Amino acid sequence: MTSQYQAGETKGRSEEKTNQMMGNLGEKAQDAKEKTQETAQAAKEKTQEKTGEAKEKASEMGQATKESAQSGKEKTGGFLQQTGEKVKGMAQGATEAVKQTLGMGHNDEDEDYNRTHNR
(Lines give C-alpha, C1' and ligand atoms only; values in the text may rest on other atoms or scores of the structure.)
Protein backbone atom coordinates (compact mmCIF):
# COMPACT_ATOMS: atom_id res chain seq x y z
CA MET A 1 0.00 0.00 0.00
CA THR A 2 1.11 3.41 -0.72
CA SER A 3 1.37 6.13 1.81
CA GLN A 4 -1.06 8.23 -0.15
CA TYR A 5 -3.60 5.44 0.00
CA GLN A 6 -3.02 5.04 3.76
CA ALA A 7 -3.42 8.78 4.28
CA GLY A 8 -6.72 8.74 2.37
CA GLU A 9 -7.90 5.75 4.33
CA THR A 10 -6.97 7.44 7.64
CA LYS A 11 -8.72 10.60 6.57
CA GLY A 12 -11.85 8.63 5.65
CA ARG A 13 -11.91 6.83 9.00
CA SER A 14 -11.36 10.11 10.78
CA GLU A 15 -14.25 11.75 8.95
CA GLU A 16 -16.48 8.77 9.68
CA LYS A 17 -15.66 8.91 13.39
CA THR A 18 -16.25 12.68 13.40
CA ASN A 19 -19.63 12.19 11.72
CA GLN A 20 -20.56 9.48 14.24
CA MET A 21 -19.57 11.71 17.13
CA MET A 22 -21.51 14.66 15.69
CA GLY A 23 -24.55 12.41 15.18
CA ASN A 24 -24.30 11.21 18.77
CA LEU A 25 -24.01 14.80 20.02
CA GLY A 26 -27.03 15.82 17.93
CA GLU A 27 -29.09 12.95 19.33
CA LYS A 28 -28.06 13.81 22.87
CA ALA A 29 -28.89 17.47 22.30
CA GLN A 30 -32.32 16.51 20.91
CA ASP A 31 -32.95 14.19 23.87
CA ALA A 32 -32.00 16.97 26.30
CA LYS A 33 -34.27 19.41 24.49
CA GLU A 34 -37.22 16.99 24.65
CA LYS A 35 -36.57 16.26 28.31
CA THR A 36 -36.49 20.00 29.09
CA GLN A 37 -39.80 20.53 27.25
CA GLU A 38 -41.43 17.63 29.12
CA THR A 39 -40.21 18.98 32.47
CA ALA A 40 -41.47 22.48 31.64
CA GLN A 41 -44.87 21.12 30.58
CA ALA A 42 -45.17 19.06 33.77
CA ALA A 43 -44.29 22.12 35.87
CA LYS A 44 -46.88 24.20 34.00
CA GLU A 45 -49.60 21.58 34.55
CA LYS A 46 -48.72 21.29 38.25
CA THR A 47 -48.88 25.08 38.64
CA GLN A 48 -52.28 25.20 36.93
CA GLU A 49 -53.54 22.39 39.15
CA LYS A 50 -52.36 24.14 42.33
CA THR A 51 -53.83 27.45 41.15
CA GLY A 52 -57.18 25.75 40.56
CA GLU A 53 -57.08 24.16 44.00
CA ALA A 54 -56.26 27.51 45.61
CA LYS A 55 -59.16 29.20 43.79
CA GLU A 56 -61.55 26.46 44.87
CA LYS A 57 -60.37 26.69 48.48
CA ALA A 58 -60.78 30.48 48.46
CA SER A 59 -64.28 30.10 47.04
CA GLU A 60 -65.20 27.59 49.75
CA MET A 61 -63.87 29.90 52.45
CA GLY A 62 -65.81 32.82 50.98
CA GLN A 63 -69.02 30.77 50.98
CA ALA A 64 -68.45 29.70 54.59
CA THR A 65 -67.89 33.33 55.60
CA LYS A 66 -71.08 34.37 53.81
CA GLU A 67 -73.08 31.64 55.56
CA SER A 68 -71.61 32.61 58.93
CA ALA A 69 -72.52 36.25 58.36
CA GLN A 70 -76.07 35.28 57.35
CA SER A 71 -76.44 33.17 60.49
CA GLY A 72 -75.21 36.05 62.66
CA LYS A 73 -77.63 38.41 60.93
CA GLU A 74 -80.55 36.05 61.61
CA LYS A 75 -79.59 35.71 65.26
CA THR A 76 -79.24 39.48 65.63
CA GLY A 77 -82.62 40.04 64.00
CA GLY A 78 -84.30 37.61 66.41
CA PHE A 79 -82.63 39.24 69.40
CA LEU A 80 -83.67 42.73 68.30
CA GLN A 81 -87.25 41.58 67.74
CA GLN A 82 -87.43 40.05 71.22
CA THR A 83 -85.93 43.18 72.76
CA GLY A 84 -88.41 45.36 70.87
CA GLU A 85 -91.33 43.27 72.11
CA LYS A 86 -90.07 43.52 75.70
CA VAL A 87 -89.71 47.30 75.46
CA LYS A 88 -93.19 47.57 73.93
CA GLY A 89 -94.64 45.44 76.73
CA MET A 90 -92.91 47.54 79.36
CA ALA A 91 -94.17 50.77 77.77
CA GLN A 92 -97.74 49.44 77.71
CA GLY A 93 -97.41 48.41 81.33
CA ALA A 94 -96.12 51.83 82.30
CA THR A 95 -98.98 53.51 80.39
CA GLU A 96 -101.57 51.37 82.18
CA ALA A 97 -99.95 52.11 85.54
CA VAL A 98 -100.14 55.87 84.89
CA LYS A 99 -103.78 55.57 83.77
CA GLN A 100 -104.65 53.60 86.89
CA THR A 101 -102.88 56.15 89.07
CA LEU A 102 -104.78 59.02 87.46
CA GLY A 103 -108.08 57.11 87.53
CA MET A 104 -108.31 57.01 83.75
CA GLY A 105 -107.76 53.33 83.35
CA HIS A 106 -110.46 50.73 83.42
CA ASN A 107 -110.10 47.44 85.02
CA ASP A 108 -110.95 44.43 82.87
CA GLU A 109 -112.34 42.63 85.91
CA ASP A 110 -114.83 45.51 86.50
CA GLU A 111 -115.99 45.36 82.89
CA ASP A 112 -116.50 41.61 83.08
CA TYR A 113 -118.51 42.04 86.30
CA ASN A 114 -120.67 44.84 84.87
CA ARG A 115 -121.43 42.84 81.71
CA THR A 116 -122.61 39.81 83.61
CA HIS A 117 -124.53 41.58 86.41
CA ASN A 118 -126.03 44.70 84.78
CA ARG A 119 -128.18 43.04 82.17
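Throughout this description, residue numbers start from 1 for each chain and increase along the sequence as written. Side-chain atom pairs in this predicted model are given and counted only at pLDDT of 80 or more, local residue features only at pLDDT of at least 70, and totals for whole chains, interfaces and linings cover all residues. Hydrogens and waters are ignored; side-chain quantities use all the structure's heavy atoms.

*Asks:* Can you help me understand the overall build of the protein chain in this one?
*Replies:* Within the protein chain, the secondary structure is distributed over two helices and zero strands. Relative to its full complement of 119 residues, the protein chain shows a buried share of 0%. Each accessible area is a Shrake-Rupley estimate made with a 1.4 Å probe; only the visible protein chains count as cover when residues are assessed. About 10900 Å² of surface is accessible on the protein chain, with carbon and sulfur atoms providing 54% of the total. Helix numbering and strand numbering both begin at the N terminus, where a helix is a DSSP run of H or I of at least 4 residues and a strand a DSSP run of E of at least 2. Burial here depends on accessible area, computed with a 1.4 Å probe over protein chains only, as a share of the maximum for the residue type. Under 20% is buried, over 50% is exposed, and the range in between is partly exposed.

*Asks:* Looking at this model, I keep getting lost on a nonpolar patch on the surface. Mind explaining?
*Replies:* On the surface, a nonpolar cluster with roughly 330 Å² of combined accessible area is contributed by Val98, Leu102 and Met104. Among the structural elements, Val98 can be located in helix 1 (residues 3-102). Taking the relative accessible area as the measure of exposure, Val98 reaches 48% and is therefore partly exposed. Nonpolar side chains (Val, Leu, Ile, Met, Phe, Trp, Tyr) are joined into patches within 5 Å and like charges within 9 Å, using only residues with over 30% relative accessible area and no salt bridge. The salt bridge criterion pairs a side-chain nitrogen of Lys or Arg with a carboxyl oxygen of Asp or Glu, the two atoms within 4 Å.

*Asks:* Can you help me understand the pattern of salt bridges in this one?
*Replies:* Charged atoms that come close allow side chains of opposite charge to pair. Taken as a whole, this structure holds two salt bridges when the rule is applied. A salt bridge links Glu9 to Arg13, with the nearest nitrogen and oxygen atoms 3.2 Å apart. With Glu9 and Arg13 both in helix 1 and four residues apart, the pair spans about one turn of that helix. Arg13 gets classed as partly exposed once you look at its relative accessible area, which sits at 48%.

*Asks:* What am I meant to see in a negative patch on the surface here?
*Replies:* Charged residues are defined here as Lys and Arg on the positive side and Asp and Glu on the negative side; His and the ends of the chain fall outside this count. The location of each charge is read from NZ of Lys, CZ of Arg, CG of Asp or CD of Glu. A surface patch of negative charge is lined by Glu27, Asp31, Glu34 and Glu38. As for its placement among the helices and strands, Glu38 is situated in helix 1. In this structure Glu38 comes out as exposed when scored by relative accessible area, which is 53%.

*Asks:* Explain helix 1 to me, please; I cannot follow it from the model alone.
*Replies:* Residues lying three or four places apart along an α-helix face the same way, a consequence of the helix completing one turn every 3.6 residues. To estimate how far a helix should extend, the number of its residues minus one is multiplied by 1.5 Å. End to end, helix 1 covers 146 Å across 100 residues, agreeing with the expected 148 Å (1.5 Å per residue, within 8%). Of the residues one or two after helix 1, Gly103 is the one with positive phi, at around 80 degrees.

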